[in-house]
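So you can see what is in the structure, the chains are spelled out below.
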Amino acid sequence: MPRFGHVALAGRPNVGKSSLLNALMGTHLAMVSPKAQATRIPTSGVISDDDSQLVLIDLPGLLDPGYLLQQSMRRMALDALTQVDLVLHLHPAADAPAPPFRDLVPDAPPFRAQVMVVYTKGDLVSFARRQLLQQEAPVTAAEDAPSVQRLLDRVRALLPEGPFRHDADDIGTQPVRFFVGEYLREAAFAELGDEVPYSFAAEVDEFREDRKPVYIRATLYIERESQRGIVIGHKGVTLKKIGTHARKRLEELLGEQVYLETWVKVLPKWRRSATALSRFGFTVPDDEKS
């Protein structure tokens with residue numbers, strides 16, 4: 001009987017969830033940044049072999065929310081916990097031991113999933129420390145293929161029995177439009193300073209797969225007029241870098257050439273607006289929708 005299950009990658013911000021997802025997938029699916037709180041909406045990847053299929057879900061970091069966007073990010077992460085079969089509680093090896101997972105989610109609804117601690121960034125601790133921690137839980141590093149494979153084998157063994165729910169060739173469950181926005185945000189985190197990327201959002205206005213190269217037009221939103229010049233840069237250099245970064249990621253994903261056109265607009269205080277957040281695909285708490 002084949003095995004199928006949903007597996008959440010959960011933990012505090014910046015513990016290596018997206019990097020581990022990409023390592024497990026063997027491809028750059030989720031956006032990655034050394035800056036904390038880069039993941040906003042859960043990103044799902046599908047891994048299939050002859051006997052098992054798992055959907056890996058990279059959750060937003062479990063932070064203490066300060067405004068509506070962060071509240072929405074936390075709510076989406078907590079809701080996902082109720083829909084998975086296994087939770088990988090990611091925690092940096094250098095900060096071991098990991099706290100009980102329930103301490104991170106006291107406000108979570110009841111969930112049935114088994115929780116497994118996984119220590120990340122194992123390359124940042126000594127060999128002796130890794131050996132000691134491995135007696136307690138898996139220790140991984142995104143660049144250490146053997147440790148990633150051992151974790152994947154262990155996860156597969158814990159999946160419940162059941163038929164595949166996705167085509168064996170699928171690598172994700174979300175439309176390409178979602179990844180357009182994600183890769184543009186990844187570029188913003190890479191090319192802009194510490195503050196502006198958190199005010200940055202992207203929306204796909206047109207997506208034409210019938211054209212060669214594939215034509216994509218997207219609007220990049222920031223919150224203040226003063227941020228427009230930062231995103232565009234002198235003579236448009238920064239905006240060009242953002243577009244080039246995202247275009248290369250998309251071409252890797254699609255396996256064909258992409259023409260990406262971008263525009264920059266100001267949407268004041270969108271991170272605190274229920275209307276704007278709903279438009280960008282976030283789950284907004286019911287008491288904030290009015």
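In what follows, the accompanying structure is described. Predicted, not measured: the structure shown is a model, and the values here were computed from it. (Residues numbered from 1 in each chain as written. Predicted model: local features only at pLDDT ≥ 70, side-chain atom pairs only at ≥ 80, totals over all residues. Heavy atoms only, no water.)

Quick look at the nonpolar core
One finds L88, L184, F200, I216, V231, W270 and F282 to be the most contacted residues of the largest nonpolar core, which totals 65 residues. Each residue touching L88, except ones within four places of it in the same chain, is listed here: V7, A8, L9, A10, M116, V118, L151 and V155. Of all hydrophobic cores here, the second largest spans 20 residues; its members include A10, V46, I57 and A80. (Core = buried A, V, L, I, M, F, W, Y, C linked by side-chain atoms within 4.5 Å. Buried < 20%, exposed > 50% of the residue type's maximum accessible area, 1.4 Å probe, protein only. Contact = heavy atoms within 4.5 Å.)

Overview of the sheet that holds strand β5 (residues 114–120)
Pairing is mixed in the open sheet, where five strands are placed in the order β2-β3-β1-β4-β5. Two strands lie at the open edges of the sheet, namely β2 (43–48) and β5, each paired on one side alone. Recorded for the sheet is a direction-independent mean angle of 25° between the axes of neighbouring strands. One ladder, built from six bridges, connects β2 with strand β3 (residues 52–58); its direction is antiparallel. Bridging across to β3, T43 finds its partner in D58. (Pairing = 2+ DSSP bridges. Helix = DSSP H or I, 4+ residues; strand = E, 2+ residues; numbered from the N terminus. Axes fitted to C-alpha atoms, helices over the stretch in contact; angles between N-to-C directions.)

Quick look at the environment of L239
Its location among the elements puts L239 in helix α8 (residues 237–254). C-alpha of L239 to C-alpha of G162: the two residues are 77 residues apart in sequence and 46 Å apart in space. Those residues in contact with L239 that sit more than four places away from it in its chain are L220, V231, I232, T262 and V264.

Concerning unusual backbone geometry
Excluding glycine, most residues fall at negative phi; most peptide bonds, likewise, are trans. The omega angle of the peptide bond from A96 to P97 is 5°, so this bond is cis rather than trans. Tracing the backbone shows P97 in the loop between β4 (86–92) and α3 (101–104). At N14, a position not held by glycine, the phi torsion is positive, near 65°. In this structure, N14 sits in the loop between β1 (3–10) and α1 (17–25).

Remarks on the packing of helix α6 (residues 176–191) against α8
The contact between α6 and α8 brings their axes to 8 Å, and the two run at 140°. Classified by the interaxial angle, the pair formed by α6 and α8 is oblique. Both α6 and α8 take part in a crossing whose hand is right-handed. Side by side, α6 and α8 meet where V176, F179, V180, Y183, L184, E186, A187, A190 and E191 of the first sit next to K241, I242, H245, A246, R249, L250, L253 and L254 of the second. (Parallel < 35°, antiparallel > 145°, perpendicular 65-115°, else oblique. Left-handed = near helix turned anticlockwise from the far one by under 90°.)

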